[in-house]
Amino acid sequence: MQGAAWHDARVTQTQSDYRLSQLDQLEAESIHIFREVAAEFEKPVLMFSGGKDSIVMLRLAEKAFYPAKIPFSILQVDTGLDFPEVMETRDRWVARLGVNLVVASIDDAIKNGIIPDAAKISRNRLQIPTLLNAIEENGFTAAFGGGRRDEEKARAKERVYSHRDEFGQWDPKNQRPELWSLYNGRLHEGEHMRIFPISNWTELDVWDYIGREGIEIPDIYFSHQRRVFERDGMLMSETPLNPLRDGEVVSERTVRFRTCGDITLTGCVESTASTIDEIIDEVAVARKTERGATRGDDRFSEAAMEDRKKEGYF
Amino acid sequence: MATTDMDLLRFATAGSVDDGKSTLIGRLLLDSKAIFEDQLEAVEATSVSKGYDYTDLALLTDGLRSEREQGITIDVAYRYFATPSRKFIIADTPGHVQYTRNMVTGASTADLGLVLVDARQGLTEQSRRHAVILSLLRVPHLVLAVNKMDLVDFDQEVFDKIHREFTQFATKLNVPDLEVIPISALQGDNVVNRSEHMPWYSGPTLMHHLEHVHVASDRDLIDARFPVQFVVRPKSDEFHDYRGYAGQVAGGILKPGDEIVVLPSGMTSKISKIDLFDKEITEAFPPMSVTVHLEDDVDVSRGDMIARVNNAPTPSQDIDAMVCWMTNTPLQPRQKLAIKHTTRTGRALVKDIAYRLDVNTLHRDQETKELGVNEIGRVTLRTTVPLLVDPYSKNRTTGSFILIDEATGVTVGAGMING
Ligand SMILES: Nc1nc2c(ncn2[C@@H]2O[C@H](COP(=O)(O)OP(=O)(O)OP(=O)(O)O)[C@@H](O)[C@H]2O)c(=O)[nH]1
Ligand SMILES: [Mg+2]
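Per chain, the residues get numbers from 1 upward, laid out in the order the sequence is written. By the order in which they are written, chains take letters starting at A while ligands take numbers starting at 1. Local features in this predicted model are restricted to residues of pLDDT 70 or higher, and side-chain atom pairs are both shown and tallied only at a pLDDT of 80 or more, whereas totals for entire chains, interfaces and linings draw on every residue. The basis for the side-chain values is all heavy atoms of the structure; hydrogens and waters are excluded.

Regarding the overall build of chain B
Each helix and strand counted, chain B has 7 helices and 21 strands in total. Note that the radius of gyration is over C-alpha atoms, with the globule rule given as 2.2 Å times the number of residues to the power 0.38. The C-alpha radius of gyration of chain B comes to 24 Å, within 12% of the 22 Å expected for a compact globule of 419 residues. Seen along its three principal axes, the alpha-carbon backbone of chain B occupies a region of about 70 × 60 × 40 Å. In chain B, which comprises 419 residues, the share counted as buried stands at 60%. A run of DSSP states H or I qualifies as a helix once it reaches four residues; a run of E qualifies as a strand once it reaches two. Both are numbered from the N-terminal end. Only protein chains enter the area calculation, which uses a 1.4 Å probe; residues under 20% of their type maximum are buried, those over 50% are exposed, and those in between are partly exposed.

Here you go:
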């Protein structure tokens, strides 16, 4: 019960100087955002990937409305290429919080003719129309995402309330001003807002928070033995979903993941970090960004993230 | 090296286009070892392919395709780094006058404003405009960084002249704390490392100043203000009678037992308890997000404000404020707009534009009865609902509002209440 012990400590500590640590300030800001959105939007939804950032979002949402349940659903885009460990963690969180889970599956979207069955288009790109279709079909007016500004240079530019037009597109050159903590949620018919409540958190903050709160994240973030092969300078999981190419050799290594995405595009790093504290030590001295080190989907071009975001990506 | 007990400093860059703001942020991150290898490699590769003589550090923050093509900043970039004692949130804002609204966005939450001036050019209209905006926004600490000292042979006279000129201008503004530092963002002089080229300068480096500037005293712990965001009413058997008012403390210290008044209704009660998630706490203060419970079953909803009986804002429908206008169609008397103040929304009618501020001379122009894009002026409004306001000089949260165009839904004005 790490979380509970910490709260007790804070009450006595803050009585003396009325200061909040930077992590507490971030938490307070995120909770404020969750409550604003719940109050002002007709039908918000939380986009849940199962990764550490979306789990931190869930925890913040839990705290924002406690002891009431989280007053919106959770949406997951099922790529069919997700790590099984991630799905198991997702199910436990959903059961514990008693929230409604909406799954938008790429396979179903193809079957129902909503998106084209194009073998040439990567699953990663197919997430975009699947997501936009789910938002439109369910009438969601605001979708929380776990994007952080420290992750990537296009994300570093995005507002907390990020406006999407009726095609789900982001217009980075024409964003609305966003002043103080006065968020503007005005929408026209068919438009929606992406909301990034943990915009100002860094990778290290996320880990500190997970440690402090003592919350469950998928095992793949911790060091484990895995059969992997090298591709484009990254270590990829051996899986039937991702057939080996010529010259690729599988070997067993001690690894962990820094991000959780599509199993065919997300690489792992060699690591013996098996506790949160060890991960924090590792992150603090890391020389590469988490996405640069382990995300094939961001490597296509210099503006890969910006281009996908313009189309409606998370 | 846990970040859990660090404090936080938010700062924003400001100044004319090409004065070196983004380069400076790149330099600050690089010299404090906050740049990852893959980020630096990408920026080096782009610089080489564009045929630059040196690595363009501005590319570390200018992340949009159009910014890289045009070599200017268009929208705010947020960057993060930490030293053992402090975490920094940097807003690198654009200097171009067309994107002033984005500069205001980045500066509105800043504890410190970092104004850059090109040593060769001295103060420009845009440096003055940004200094005026920072002072109106009551950003409590200001740093003037005289940049590109390498291009003026690190000449002390050039620095002293700009220093004097700015200090003189700043006397007319509200600048409680000013530091002036000669730097070269490109070469790193006085950014993180002390310059060898300017032995005549004995003040702090920029980094040293950022790490030590005192920010704790900038909050109001006297006047309790709690705008209600959300009423928590669990529909469950276990918490059947739970009724809590969720919000973020905007001022003062709240404690169980405090006699409070709910505005605008004026009903009074006492705080029975304060929840922080599943724990009861004995005090709540800014910027904590908490849930407050009252002893009596008074009617409280979103948009209401909880304050102390003997220290409450006055509900008012007549608002007198400085407004920064951010859209191409000018603000004119009789115009109707939506207004958002704390958690309260309503409509506002522009009654009068008392004057337009000339950012160069600080002259109050009473002839022009409108505000063009990026202009600042004193405006009076009549609102449909009473707002629970304090002067912006007392409280940045309860003293600020935004104006929204009702047709487009876009935020078009930023207001700071006078008084
Ligand atoms: N010689 C020299 N050049 C500098 C220095 N700082 C910046 N520059 C150059 O000045 C140019 C503009 O720099 P930026 O950092 O993009 O300027 P900015 O203030 O961010 O511009 P906007 O964001 O568009 O307002 C670039 O070519 C920089 O390399 C300096 O200290 N010395
Ligand atoms: Mg710039």
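A closer look at the interface of chain B and chain A
Taken residue by residue, the interface counts 90 residues in chain B and 73 residues in chain A. For the pair chain B and chain A, the two sides together bury roughly 7,200 Å², of which 56% comes from carbon and sulfur. Salt bridges are counted wherever a side-chain nitrogen of Lys or Arg sits within 4 Å of a carboxyl oxygen of Asp or Glu. Linking chain B with chain A are 10 salt bridges, by the criterion used here. Among the salt bridges present, the one from Arg159(A) reaches Asp75(B), with a minimum N-O distance of 3.0 Å. As used in this structure description, the phrase polar contact means that two N or O atoms lie within 3.5 Å; if the pair is within protein, one of them must be able to donate a hydrogen and the other to accept it, and residues adjacent in sequence are counted only when both atoms belong to side chains. Remark: the boundary between chain B and chain A carries 36 residue pairs in polar contact (both at pLDDT 80 or more). Amino acids are sorted into nonpolar (Ala, Val, Leu, Ile, Met, Phe, Trp, Tyr, Cys and Pro), charged (Asp, Glu, Lys and Arg) and polar (every other residue, Gly among them). Split into classes, the residues belonging to the side of chain B that touches chain A amount to 42 nonpolar, 28 polar and 20 charged. Contact definition: two residues touch when any of their heavy atoms are within 4.5 Å. Here the quantity called buried area is the accessible surface, traced with a 1.4 Å probe, that two parts lose on coming together, added over both.

Description of the domain arrangement of chain B
Residues and elements named next belong to chain B. Segmentation into domains, and thus their bounds, comes from an automatic or database assignment. By domain assignment, chain B separates into domain 1 (7-218), domain 2 (225-308) and domain 3 (314-417). When each unit is reduced to the centre of its C-alpha atoms, the spacing between domain 2 and domain 3 is 30 Å. With 12 residues of domain 2 at the contact, the number on the domain 3 side is 11 residues. Remark: the boundary between domain 2 and domain 3 carries 2 salt bridges. In this structure, the salt-bridge partner of Asp304 is Arg344, at a minimum N-O distance of 3.5 Å. Looking at the side of domain 2 that touches domain 3 residue by residue, the class counts come to 6 nonpolar, 3 polar and 3 charged.

Observations regarding unusual backbone geometry
One can expect most non-glycine residues to show negative phi and most peptide bonds to be in trans. In this structure, Pro67(A) follows Tyr66(A) across a cis peptide bond, with omega equal to 0°. Along the chain, Pro286(B) connects to Pro287(B) via a cis peptide bond; the corresponding omega equals -5°. Structurally, the position occupied by Pro287(B) is in the loop between strand S12 (279-281) and strand S13 (289-294). The phi angle at Tyr18(A) is positive, at roughly 50°, despite the residue not being glycine. By secondary structure assignment, the location of Tyr18(A) is in the loop between helix H1 (2-17) and helix H2 (22-40). Residue classification places Tyr18(A) among the buried positions, given a relative accessible area of 16%. Notably, Asp232(A) is not glycine yet its phi reads approximately 50°, a positive angle.

Describing the sheet that holds strand S5 (residues 161-164) of chain A
Residue and element names in this part refer to chain A. Between any two strands, at least two bridges found by DSSP are needed for them to pair. Reading across the sheet, the 6 strands line up as S3-S2-S1-S4-S6-S5 and stay open at both edges, with mixed pairing between neighbours. Only two strands of the sheet have a single partner each, and these edge strands are strand S3 (101-105) and S5. Neighbour-to-neighbour, the strand axes of the sheet open up by a mean angle of 30°, direction not taken into account. Across the sheet, helix H3 (residues 52-65) is in contact with strand S1 (44-47), strand S2 (73-78) and strand S4 (142-144); its angle to S1 comes to roughly 140°. Only the contacting stretch of a helix is used when fitting its axis, a line to C-alpha atoms as for every element, and angles between N-to-C directions run 0 to 180 degrees.

What to know about the packing of helix H7 (residues 203-213) of chain A against helix H8 (residues 276-285) of chain A
Residues and elements named next belong to chain A. Running from N to C, H7 and H8 point in directions that differ by 170°, and their axes come no closer than 10 Å. It follows from the interaxial angle that H7 and H8 lie roughly antiparallel. Between H7 and H8, the residues in contact are Glu203, Leu204, Trp207, Asp208, Ile210 and Gly211 and Ile276, Ile279, Ile280, Val283 and Ala284, respectively. In the contact of H7 with H8, the residues fall into 8 nonpolar, 1 polar and 2 charged. Orientation categories follow fixed angle ranges, with anything under 35 degrees roughly parallel, anything over 145 roughly antiparallel, 65 to 115 roughly perpendicular, and all other angles oblique.

Quick look at the packing of H2(A) against H7(A)
All names here are of chain A. One way to put it is that H2 packs onto H7 with a least axis distance of 11 Å and a crossing angle of 90°. Taken together, H2 and H7 sit at an angle that is classed as roughly perpendicular. Contact residues: H2 offers Gln22, Leu23, Asp24, Leu26 and Glu27, while H7 offers Asp205, Asp208, Tyr209, Arg212 and Glu213.

Thoughts on the coordination of the magnesium ion (ligand 2)
Within the protein, the magnesium ion (ligand 2) binds to Ser22(B) (OG) and Thr73(B) (OG1); these donor distances fall in the range 2.0 Å. With Ser22(B) in helix H1 (residues 21-31) and Thr73(B) in the loop between helix H3 (65-70) and strand S2 (77-82), this pair connects stretches of sequence that are 51 residues apart. Distances up to 2.8 Å from the metal define which N, O and S atoms are donors, and 3.2 Å serves for Na, K and Ca; water is absent from the atom set, so sites may look incomplete.

Things to note about H1(B)
All names here are of chain B. Taking burial as the measure, the 11 residues of H1 include 10 buried ones, the bulk of the element. Taken as a whole, H1 has its buried residues at Lys21, Ser22, Thr23, Leu24, Ile25, Gly26, Arg27, Leu28, Leu29 and Asp31. On its buried side, H1 packs onto strand S1 (7-15), S2, strand S3 (86-92), strand S4 (112-118) and helix H7 (206-212). Backbone geometry just after H1 places Lys33 at a positive phi near 60°.

Quick notes on the nonpolar core
Nonpolar side chains in soluble globular proteins generally cluster together in the buried interior. With 83 residues, the main nonpolar core has Trp180(A), Phe11(B), Leu28(B), Leu114(B), Val132(B), Leu137(B) and Ile376(B) as its most contacted residues. Among all residues touching Leu28(B), those that are not within four sequence positions of it are Phe11(B), Phe81(B), Val191(B), Val192(B), Leu206(B), Met207(B) and Leu210(B). As used here, the term nonpolar core means buried Ala, Val, Leu, Ile, Met, Phe, Trp, Tyr and Cys residues forming a set that is joined through side-chain atoms within 4.5 Å. Of all hydrophobic cores here, the second largest spans 65 residues; its members include Ala38(A), Phe48(A), Ala68(A) and Ala142(A).

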